[in-house]
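# Architecture at a glance
So you can see what is in the structure, the chains are spelled out below.
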There are 6 protein chains.
Amino acid sequence: MPFVIVEMWQGRTVEQKRNLVKAITQAMVDHAGCKPDHLHVVIHDTPKDSWGRDGVLGIDMKEN
Amino acid sequence: MPFVIVEMWQGRTVEQKRNLVKAITQAMVDHAGCKPDHLHVVIHDTPKDSWGRDGVLGIDMKEN
Amino acid sequence: MPFVIVEMWQGRTVEQKRNLVKAITQAMVDHAGCKPDHLHVVIHDTPKDSWGRDGVLGIDMKEN
Amino acid sequence: MPFVIVEMWQGRTVEQKRNLVKAITQAMVDHAGCKPDHLHVVIHDTPKDSWGRDGVLGIDMKEN
Amino acid sequence: MPFVIVEMWQGRTVEQKRNLVKAITQAMVDHAGCKPDHLHVVIHDTPKDSWGRDGVLGIDMKEN
Amino acid sequence: MPFVIVEMWQGRTVEQKRNLVKAITQAMVDHAGCKPDHLHVVIHDTPKDSWGRDGVLGIDMKEN
């Protein structure tokens, strides 16, 4: 009876999200003994100007 | 002195959000003994292609 | 098909939580048109030494 | 460069969490193109008296 | 090895976010002993019609 | 009118949290133009067996 929140940079396709939701749900079923019926996965698509790591905003990173 | 985060599918009107914020705040006052002055309610409107249940993306659900 | 996260200071009784979960669920049904079946409400009980407002930790507040 | 928050009922063993973190990380690499190095997975273990579904607290559920 | 989520009203410039991410990261290094390399800061820009305080939606507030 | 959630490994002293809350609040005032009165900072202390990075649980890391 859990839910999962994924915070990641925006830009994934619907097909990627479709597969990601399926795979995370399966991971919860396989390893945490969850029933999938009430299991939610929500994806927060964050713009690169709203995320930083190591004190540097995403739009300013070299690995951009 | 709490805050409340609501994750739901986008599409509610401003009037619905207005009433929802009022009702959740009242629930916190009535049942958790909160003072409303510092009580925040934030609503995350999630697109249907960024939410899944039972391993299925919102846009692929029949109840869509 | 939403979920709600409540962040508040620890110390509420089970009966208070029971009523709070019921009332927030009802607010979501009444004002956001949600079906309650898949609607989760989770409460994070935060200790007063892990929450601050106005730059002051909960255990240091006068309203404590 | 994302992170993942898992909210679930407490009671999983360390071994279950170990496998869950590994599997969710793999799902993010496989389907969202993430590099795992900066990918965090955090698990919130929620007591059954702090979670409700369908307006009913976890400790009051029949499927308990 | 932490992450920080900032929920605030939308409308900050990229330069403000740049400085905010830098300052919060520094605070975590100075006061919580974190290494910045794996430290994420994510900003959720919330519209004023999706946030309430004291039971009042942001767009209805006088301090708007 | 924002709030900030800090997810980090447990083990910080109250004095560290006190200074962290003060510094993050100041960062929000200085760089995001927030008024501190309604600004909350909440710290989630996560056990090392409930956090992973790079697919590895905290208790299994060498940098432990």
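On the basis of which strands lie adjacent, the open sheet formed by 8 strands has the order E4(B)-E3(B)-E2(A)-E1(A)-E1(D)-E2(D)-E3(F)-E4(F) and mixed pairing. What marks the edges here is a single partner per strand, and that holds for strand E4 (56–57) of chain B together with strand E4 (56–57) of chain F. The pairing of strand E1 (residues 3–9) of chain A with strand E2 (residues 40–46) of chain A spans 7 bridges and is classified as parallel. Paired with tryptophan 9 of chain A across the strands is threonine 46 of chain A, a residue of E2 of chain A. Packing against the sheet, helix H1 (residues 14–32) of chain A makes contact with E1 and E2 of chain A, strand E3 (51–53) and E4 of chain B together with strand E1 (3–9) of chain D, and its axis sits at approximately 135° to E2 of chain A. Each of E1 of chain A, E1 and strand E2 (40–46) of chain D together with strand E3 (51–53) and E4 of chain F is contacted by helix H1 (residues 14–32) of chain D, which is oriented at about 135° to E2 of chain D, the strand it contacts most.

Relative to chain A, chain D is turned by 180° and slid 0.0 Å along the rotation axis, the superposed coordinates differing by an RMSD of 0.0 Å. Expressed as a symmetry operation, the mapping of one chain copy onto the other fits a two-fold axis. When each C-alpha of chain D is compared by its distance to the rotation axis, isoleucine 5 of chain D comes out closest, at 2.5 Å. Interface overlap between copies: 100% of the residues of chain D at the interface are likewise at the interface in chain A, consistent with a symmetric, same-surface contact.

Next up on the list: the interface of chain D and chain A. Listed per partner, the contact involves 28 residues of chain D and 28 residues of chain A. A buried area of about 2500 Å², summed over both sides, lies between chain D and chain A, and 68% of it is on carbon and sulfur atoms. Summed over the shared surface of chain D and chain A, the number is 7 residue pairs in polar contact (both at pLDDT 80 or more). Along the lines of polarity and charge, the residues of the side of chain D that touches chain A split into 17 nonpolar, 6 polar and 5 charged. The sheet contact formed by E1 of chain A and E1 of chain D spans 5 bridges and is antiparallel. Paired with valine 4 of chain A across the bridge in E1 of chain D is valine 6 of chain D.

Read across the open sheet, the 8 strands follow the order E4(A)-E3(A)-E2(E)-E1(E)-E1(F)-E2(F)-E3(C)-E4(C); overall the sheet is mixed. At either end of the open sheet lies a strand with only one pairing partner, and these are strand E4 (56–57) of chain A together with strand E4 (56–57) of chain C. Where strand E3 (residues 51–53) of chain A and E4 of chain A come together, 2 bridges link them in antiparallel fashion. For glycine 52 of chain A, the partnering residue across the bridge sits in E4 of chain A and is leucine 57 of chain A. Where helix H1 (residues 14–32) of chain E meets the sheet, its contacts fall on E3 and E4 of chain A, strand E1 (3–9) and strand E2 (40–46) of chain E together with strand E1 (3–9) of chain F, and the angle it forms with E2 of chain E comes to roughly 135°. Packed on one face of the sheet, helix H1 (residues 14–32) of chain F meets strand E3 (51–53) and E4 of chain C, E1 of chain E together with E1 and strand E2 (40–46) of chain F and runs near 135° to E2 of chain F.

The subject of this paragraph is the pattern of salt bridges. The full count for this structure, using the stated rule, is 30 salt bridges over all chains. Where aspartate 49 of chain E meets lysine 17 of chain B, a salt bridge forms, and the shortest distance between an N and an O atom there is 4.0 Å. Taken together, the positions of aspartate 49 of chain E in the loop between E2 and strand E3 (51–53) and lysine 17 of chain B in helix H1 (residues 14–32) put the pair across two chains. With relative accessibility at 23%, the residue aspartate 49 of chain E sits in the partly exposed group. Residue lysine 17 of chain B is classed as buried on the basis of its relative accessible area of 5%. Look at the salt bridges and you will find they share partners, linking Glu15 and Arg18 of chain A together with Asp60 of chain B into a network.

Below, the discussion takes up the arrangement of the chains. Kept free of each other, chain C and chain E leave a smallest C-alpha distance of 13 Å between them. Between chain A and chain F there is no contact, and the shortest C-alpha to C-alpha distance separating them is 13 Å.

Mapping chain C onto chain B leaves a residual RMSD of 0.0 Å; the transformation is a rotation of 180° accompanied by 0.0 Å of translation along its axis. Both copies share a contact surface, since 100% of the interface residues of chain C are interface residues in chain B too.

Where H1 of chain E contacts H1 of chain F, the two axes come as close as 9 Å, and the packing angle between them is 165°. By the angle between their directions, the pair H1 of chain E and H1 of chain F is classed as roughly antiparallel. When the axes of H1 of chain E and H1 of chain F are compared, the crossing they make is right-handed. Across the interface between the two elements, Gln16, Asn19, Leu20, Ala23, Ile24, Ala27, Met28, His31 and Ala32 of chain E from H1 of chain E touch Gln16, Asn19, Leu20, Ala23, Ile24, Ala27, Met28, His31 and Ala32 of chain F from H1 of chain F. Grouping the amino acids of the contact of H1 of chain E with H1 of chain F by side-chain chemistry returns 12 nonpolar, 6 polar and no charged.

Rules used in this analysis
- Residues numbered from 1 in each chain as written.
- Chains lettered and ligands numbered in written order.
- Predicted model: local features only at pLDDT ≥ 70, side-chain atom pairs only at ≥ 80, totals over all residues.
- Heavy atoms only, no water.
- Pairing = 2+ DSSP bridges.
- Helix = DSSP H or I, 4+ residues; strand = E, 2+ residues; numbered from the N terminus.
- Contact = heavy atoms within 4.5 Å.
- Axes fitted to C-alpha atoms, helices over the stretch in contact; angles between N-to-C directions.
- Least-squares fit on C-alpha atoms with pLDDT ≥ 70 in both.
- Buried area = accessible area lost by both parts, 1.4 Å probe.
- Polar contact = N/O pair within 3.5 Å; in protein donor to acceptor, adjacent residues only side chain to side chain.
- Nonpolar A, V, L, I, M, F, W, Y, C, P; charged D, E, K, R; others polar.
- Salt bridge = Lys/Arg side-chain N within 4 Å of Asp/Glu carboxyl O.
- Buried < 20%, exposed > 50% of the residue type's maximum accessible area, 1.4 Å probe, protein only.
- Parallel < 35°, antiparallel > 145°, perpendicular 65-115°, else oblique.
- Left-handed = near helix turned anticlockwise from the far one by under 90°.

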